[in-house]
Amino acid sequence: MSTDLDRSAVRPEQGAPDLELSHVTVRFGGLVALSDASLSVRPRTVHGVIGPNGAGKTTLFNVACGFVVPDEGTLRRRGEELGRLRPHQLAGHGIARTLQGLGLFDRVTVLENVVTGADRHARTGFLGAMLALPGSWREERALRERAMAALDSLGIAHVAGLYPASLPYPVRKRVALARALVAEPELLLLDEPASGLSADEMEELGDLVAGLTDRMSVLLVEHHMDLVMRICDEITVLDFGRVIAHGSPDEVRHDPAVLAAYLGEEV
Ligand SMILES: Nc1ncnc2c1ncn2[C@@H]1O[C@H](COP(=O)(O)OP(=O)(O)O)[C@@H](O)[C@H]1O
Ligand SMILES: [Mg+2]
């Protein structure tokens, strides 16, 4: 029989970061895109990564989702080293991401696009459901219900039966987000989610992302300083591939190195 004391003794890595990059260096030929960069995404927080153009933000994002293998440094999830992470393994680690290019399928409906994001929970998977393998119909129905719920939570349930190409860009962005959320990730990676959005749309997106922290942590790579300042719990600032500052929005906002890096930048 186990007591509370026993349980707390074996509780694995409680409070360990959802994602930890340690001393990560990435070189492209002679160019050092990331140099000895470290950051920790703490559970149920939004961690922002900002920096001027060319600072290494996208490279860092690509390391976090396994697109780029670092030349040096390690990646840990809840204290456990991930080794050579591949993009298709993300879901298995409870990680979801959205991409700058959205990556939606134009020939299937919004709902079907979102269902394809849910395969972490599906045993037979989307393909199995489509082929109506025995036992998969129940699963397919459950998947569709979850996909509808994800669309509904982002206020776009009414476009479920439409095709992505017919939708305005900000709505397509929400579809892409719904597809990431339907897998019920513990860590969501967002690369420049505010690009191409109006000020109002950006504000709405900010509220949505901030509202996710009751369920997951978010790594937000974003150029828009005001959005990052508003919704992030912690911010890491990159410049020329190096971490030049880290802290709360207030700490980062007043950091002389950050102000210098952004001097002359449109933010
Ligand atoms: N695949 C690549 N090959 C060569 N250089 C690259 C590649 N990706 C990025 N870089 C370079 O690495 C640096 C960091 O780029 P990036 O991570 O895209 O910065 P950011 O997203 O902050 O604008 C830049 O100098 C960029 O030109
Ligand atoms: Mg970039």
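Each value, and the rule that gives it
- Residues numbered from 1 in each chain as written.
- Chains lettered and ligands numbered in written order.
- Predicted model: local features only at pLDDT ≥ 70, side-chain atom pairs only at ≥ 80, totals over all residues.
- Heavy atoms only, no water.
- Pairing = 2+ DSSP bridges.
- Helix = DSSP H or I, 4+ residues; strand = E, 2+ residues; numbered from the N terminus.
- Axes fitted to C-alpha atoms, helices over the stretch in contact; angles between N-to-C directions.
- Contact = heavy atoms within 4.5 Å.
- Salt bridge = Lys/Arg side-chain N within 4 Å of Asp/Glu carboxyl O.
- Core = buried A, V, L, I, M, F, W, Y, C linked by side-chain atoms within 4.5 Å.
- Buried < 20%, exposed > 50% of the residue type's maximum accessible area, 1.4 Å probe, protein only.
- Domains from an automatic or database assignment.
- Near = heavy atom within 4 Å.
- Polar contact = N/O pair within 3.5 Å; in protein donor to acceptor, adjacent residues only side chain to side chain.
- Areas by Shrake-Rupley, 256 points an atom, 1.4 Å probe, with all protein chains shown as cover.
- pLDDT = per-residue confidence, 0-100.
- 1 Å grid on protein atoms, 1.4 Å probe; cavity = no way out; pocket = protein on both sides within 12 Å on 5 of 7 lines; lining within 4 Å.
- Points joined across faces, edges and corners; volume = space filled by probe spheres on them.
- Nonpolar A, V, L, I, M, F, W, Y, C, P; charged D, E, K, R; others polar.

Enquirer: Please provide a residue-by-residue account of the sheet that holds strand β8 (residues 217–221), values included.
Expert: One open sheet accounts for six strands, arranged β6-β7-β8-β3-β9-β10; its pairing is mixed. Two strands bound the open sheet, and with one partner strand each, they are β6 (95–98) and β10 (242–247). Averaged over all pairs of adjacent strands, the angle between strand axes in this sheet comes to 15°, irrespective of strand direction. Two elements, β6 and strand β7 (residues 187–191), share four bridges in a ladder whose sense is parallel. Along β7, the bridge assignment pairs T98 with L190. In this fold helix α6 (residues 169–181) packs onto β6 and β7, with an angle of close to 170° to the strand it touches most, β6.

Enquirer: How would you summarise the pattern of salt bridges if you had to cite specific residues and measurements?
Expert: Taken as a whole and assessed by the stated rule, the structure comprises twelve salt bridges. Among the ionic pairs, D207 bridges to R230, the shortest N-O distance being 3.0 Å. Here D207 is found in helix α7 (residues 199–210), whereas its partner R230 is found in helix α8 (residues 225–231), with 23 residues between them in sequence. With a shortest N-O distance of 3.5 Å, D214 and R215 are connected by a salt bridge.

Enquirer: Now, about the nonpolar core: what can you tell me, with residues and values included?
Expert: One finds I50, V114, L151, L188, V218, L220 and I235 to be the most contacted residues of the largest nonpolar core, which totals 51 residues. With seven residues, the single largest contributor to this core is α6. Both of domain 1 (17–94 + 185–267) and domain 2 (104–184) provide at least three residues apiece to this core. Not counting chain neighbours up to four residues away, the residues in contact with V218 comprise V41, T45, V46, H47, L187, L188, L190, V209 and L212. Residues L85, I95, V221 and L238 belong to the second largest nonpolar core, which totals 26 residues.

Enquirer: I'd love a proper account of the site of ligand 1, names of residues and values included.
Expert: Around ligand 1, a shell composed of F28, L31, A33, P52, N53, G54, A55, G56, K57, T58 and T59 is seen. At a separation of 2.7 Å, an oxygen atom of ligand 1 approaches a polar backbone atom of G54. A55 places a main-chain nitrogen or oxygen 3.1 Å from an oxygen atom of ligand 1. In the complex, 58% of the free accessible area of ligand 1, which totals 560 Å², lies under the protein chains. The set of elements that each furnish at least two residues to the shell around ligand 1 consists of β2 (31–41) and α2 (57–64).

Enquirer: Could you give an account of the confidence of the model for the chain, with specific residues and numbers?
Expert: On average, residues of the chain carry a pLDDT of 85, and 85% of them reach 70 or more. Least confident of the elements in the chain is helix α1 (residues 4–10), whose mean pLDDT is 42; most confident is β2, at 97. Below pLDDT 50 for its whole length, residues 1–13 participates in four contacts with residues either more than four positions away or in separate chains. Across residues 121–125 the pLDDT falls below 50, and counting only partners more than four positions away or on other chains, this stretch makes nine contacts in the model.

Enquirer: Tell me what's going on with unusual backbone geometry, and back it up with residues and numbers.
Expert: Negative phi is the rule for most residues except glycine; trans is the rule for most peptide bonds. Despite not being glycine, D36 has its phi angle at roughly 55°, a positive value. Structurally, the position occupied by D36 is in strand β2. According to the relative accessible area criterion, D36 is partly exposed, its value standing at 41%. Of note in the backbone geometry, R44 takes a positive phi value of approximately 60° without being a glycine. Along the chain, R44 turns up in the loop between β2 and β3 (46–50).

Enquirer: Can you break down the sheet that holds strand β4 (residues 72–77) residue by residue, with the values?
Expert: An order of β2-β1-β4-β5 is seen for the four strands of this open sheet, with the pairing classed as antiparallel. Of all strands in the sheet, those with a lone pairing partner are β2 and β5 (80–81), marking the two edges. Alignment of β4 against β5, held across two bridges, turns out to be antiparallel. Paired with R77 across the two strands is E80, which belongs to β5.

Enquirer: Can you explain α2? Please cite residues and give values.
Expert: The buried fraction of α2 amounts to seven of the eight residues, a majority that puts the element mostly inside the structure. By the burial criterion, the buried members of α2 are K57, T59, L60, F61, N62, V63 and A64.

Enquirer: Give a detailed account of empty space enclosed by the protein, specifying residues and quantitative values.
Expert: Inspection of the entire model under this criterion finds one cavity of 30 Å³ or more. What the largest cavity holds in volume is close to 100 Å³. Lining the largest cavity we find twelve residues, and of these T98, L102, K173, A176 and P193 sit closest to its centre. Top element by residues in the lining of the largest cavity is α6. It accounts for three residues. Of the residues in the lining of the largest cavity, the class split is seven nonpolar, two polar and three charged. When residues are assigned to domains, the lining of the largest cavity turns out to be shared by domain 1 (17–94 + 185–267) and domain 2 (104–184), each giving three or more.

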